[in-house]
Amino acid sequence: MNYQEVKNYINGQFVSCNNKRIDVDSPLTGKVISTVPLSTYKDVDEAVTAAKKAFPVWSGMTSKMRSQILFNYRQILEQNVESIAAIIHDENGKTMDEATAEVRKSIELTEFASSVPQIAYGEVLEVSVGVQCKSEYVPLGVVASISPFNFPHMVPHWTVPNAIAMGNCMILKPSEIAPITAMKMGEMLKQAGLPDGVFNIVNGAQDVVEAICDHPGIQAVSFVGSTPVAQIVYRRATSNLKRCLALGGAKNHLIVLPDANLELSATDIAASMCGSAGQRCMAASVMVAVGNVNPLIEKLCIEVEKYKPGIKMPPIISIKSRENLINYIEEAEKKGATLLVDGRKFPVEPEVDKNGYYLGPTIIDWRNAKEKMPEREVFGPIFEIISAKSVEEAIDIQHESPFGNAASAFTQNGGIAKMVAQKASAGMIGINIGVPVPREPFSFGGWNASKYGTGDITGKSSLGFWSQIKKVTSKWAKQEITDWMS
Ligand code: NAD
């Protein structure tokens, strides 16, 4: 399907600009489906001006009024699940089932934001006779969100609904690789009654991100993407004295014991490594086998054969990313690792376009390799196996990883599961679960090189990021005159 050219969305209008444009191609076919502008500081400045203008009215509304608009928006999302999912499918390549699940998650995130008046209403206490202390959440002003290609709808919903529910005005910078879905957010938020200027979109790449980090009118920057860019953004935004929360990449370790449930573990790990073609920051990346878990590995190898490229296994986002994954497989072979399943050999399903950027699931066994598994993030349907002599050693291995998004234990032993949960150096722990994403109202966020900044990006924890607390201490002389409210 072809889409109209991607436009910036400023002050409630889709605006054309004369900036250079780049192609947006669909990983399903390799064909160009749209173009996206490479905006500049000037475009960010226009969005900031619109957002600043909207801020007094938006922040002056009660949080219940703001929440009502988000509630309307939630209903609009609900009515459009399929059409939004179709765009995600086209621009990102994930299957329609995965794209539908992504929109459903956006709905859940919007529901949480609609409930902000029930959660973030401050506190009050009479601290001594006649003296009252009150704290309240106050919005920051104009804030920004920079998102990656792999969840073009859900990641903006990690940030936008909560930020605007708290009374801020928002500038979104979508991934230039998958920028089409975000336009639906502008359209539907307006339909829900959001005043113009409260939500804006500036498309582009590095220049826009740098402008967001530098612009003095933006108070806080959230980022989700790879670790090298998260570091650049965190350094640049904070050096400009802005608040910043930057989520980075991942390499998630699964500590697997011989007593793990064979059937459930194999299907769960296969779904985790193959879902969205492994392009999820919570995907299963590395099995640390403690003892003999070969029966489970054998079952896993059979299970992943079901993920045939084309129907159950979506394509990789770009030719370049696919090449990087193939290079990684070749590097592993050169280092003496064994390929238990080789994704390069999978035939593409006959129903799909052969020009799509497909790669089958790959399982690399490093247990007898000459060299060690590289520590870098792979971000594709590649699962690696290493071994440890004990659970303690497995935890040490997990600690050596620079990342800390997720870590899991697969075992029927409650004591071992508890130990992994306590000791693993990761923000999100799974026990017998391949994708341990916390659901609302729990918050999402990793540790170490998977996140820079304080707090998490969703849930209650994020509300602190999008606000500041005002403390009011008051003492009034006893009133002589009373009215009907007294
Ligand atoms: P990316 O880092 O390449 O891009 C993310 C954003 O940064 C995009 O909007 C892009 O335009 C911008 N950008 C890219 N290079 C830049 C530069 N040099 N300077 C300034 N801005 C730049 O990430 P991606 O490839 O779009 O997404 C995949 C990555 O995101 C993976 O590493 C994945 O693990 C990570 N991710 C992490 C989480 C998490 O929760 N931790 C969630 C989703 C994705």
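Please refer to the structure higher up on the page.
The sections below set out a description of the structure shown in this document.

Cut-offs used in this document
- Residues numbered from 1 in each chain as written.
- Predicted model: local features only at pLDDT ≥ 70, side-chain atom pairs only at ≥ 80, totals over all residues.
- Heavy atoms only, no water.
- Buried < 20%, exposed > 50% of the residue type's maximum accessible area, 1.4 Å probe, protein only.
- Helix = DSSP H or I, 4+ residues; strand = E, 2+ residues; numbered from the N terminus.
- Phe/Tyr/Trp six-rings, centres within 6.5 Å; stacked < 30°, edge-to-face > 60°.
- Lys NZ or Arg CZ within 6 Å of the ring centre and 35° of its normal.
- Near = heavy atom within 4 Å.
- Polar contact = N/O pair within 3.5 Å; in protein donor to acceptor, adjacent residues only side chain to side chain.
- Areas by Shrake-Rupley, 256 points an atom, 1.4 Å probe, with all protein chains shown as cover.
- Nonpolar A, V, L, I, M, F, W, Y, C, P; charged D, E, K, R; others polar.
- Domains from an automatic or database assignment.
- Contact = heavy atoms within 4.5 Å.

Description of helix α7 (residues 180-191)
Think of an α-helix as turning once every 3.6 residues; residues three or four places apart then point the same way.
Next up, step 1: Residues of α7 that are buried: I180, T181, A182, M183, M185, G186, M188 and L189.
Next up, step 2: Two residues or fewer past α7, G193 is found with a positive phi of approximately 105°.

Examining the packing of aromatic side chains
The description of two aromatic rings rests on the distance between their centres and on the angle between their planes.
Next up, step 1: Applying the stated criterion to the full structure yields six aromatic pairs.
Next up, step 2: Seen in terms of ring centroids, F149 and F379 are 6.0 Å apart; in terms of plane orientation they differ by 80°. Their pairing is edge-to-face. Of this pair, F149 sits in the loop between β7 (142-146) and α6 (154-165) while F379 is found in the loop between β15 (362-365) and β16 (382-388), placing the two residues 230 residues apart along the sequence.
Next up, step 3: Judged by centre distance (4.4 Å) and plane angle (35°), the ring pair of W158 and F444 falls under tilted. Of this pair, W158 sits in helix α6 while F444 is found in the loop between β18 (428-431) and β19 (451-452), placing the two residues 286 residues apart along the sequence.
Next up, step 4: Taking relative accessible area as the criterion, F444 reaches 4% and is therefore assigned buried.
Next up, step 5: Following the ring pairs from residue to residue traces out a cluster consisting of Y9, F14 and F199.
Next up, step 6: The ring of W58 carries the charged tip of R66 above its face, separated from the ring centre by 6.0 Å.

Points about the environment of Q68
Next up, step 1: In this fold, Q68 is placed in helix α2 (residues 63-79).
Next up, step 2: For Q68, a relative accessible area of 44% translates into the label partly exposed.
Next up, step 3: Residues Q68 and E5, spaced 63 residues apart in sequence, show a C-alpha to C-alpha distance of 32 Å.

Focus: the site of the ligand
Next up, step 1: Residues in close proximity to the ligand total 28 residues, the closest being K173, E176, S226, G248 and E377.
Next up, step 2: Here an oxygen atom of the ligand and a backbone polar atom of S147 are 2.8 Å apart.
Next up, step 3: Burial of the ligand by the protein amounts to 88% of the accessible area it has alone, namely 840 Å².
Next up, step 4: Contributing elements (two or more residues each) for the shell around the ligand: α8 (206-214) and β10 (220-224).
Next up, step 5: Here the shell around the ligand is composed, by residue class, of 15 nonpolar, ten polar and three charged.
Next up, step 6: Per-domain counts for the shell around the ligand show at least three residues from each of domain 1 (8-248 + 450-471) and domain 2 (252-431).

Notes on the environment of S106
Next up, step 1: With respect to the element layout, S106 can be found in helix α4 (residues 96-114).
Next up, step 2: The buried category is assigned to S106, whose relative accessible area is 0%.
Next up, step 3: Along the backbone, S106 and Y234 are 128 residues apart, and their C-alpha atoms lie at a distance of 25 Å.
Next up, step 4: In this structure S106 touches L77, H153, M154 and H157, once residues within four positions along its chain are discounted.

A word on unusual backbone geometry
Next up, step 1: The omega angle of the peptide bond from E440 to P441 is 10°, so this bond is cis rather than trans.
Next up, step 2: Along the polypeptide, P441 turns up in the loop between β18 and β19.
Next up, step 3: Look at S276: it is not a glycine, yet its phi comes out positive at around 50°.
Next up, step 4: With respect to the secondary-structure elements, S276 resides in the loop between α10 (262-274) and β13 (284-290).
Next up, step 5: The phi torsion at F379 lies on the positive side, around 60°, for a residue other than glycine.

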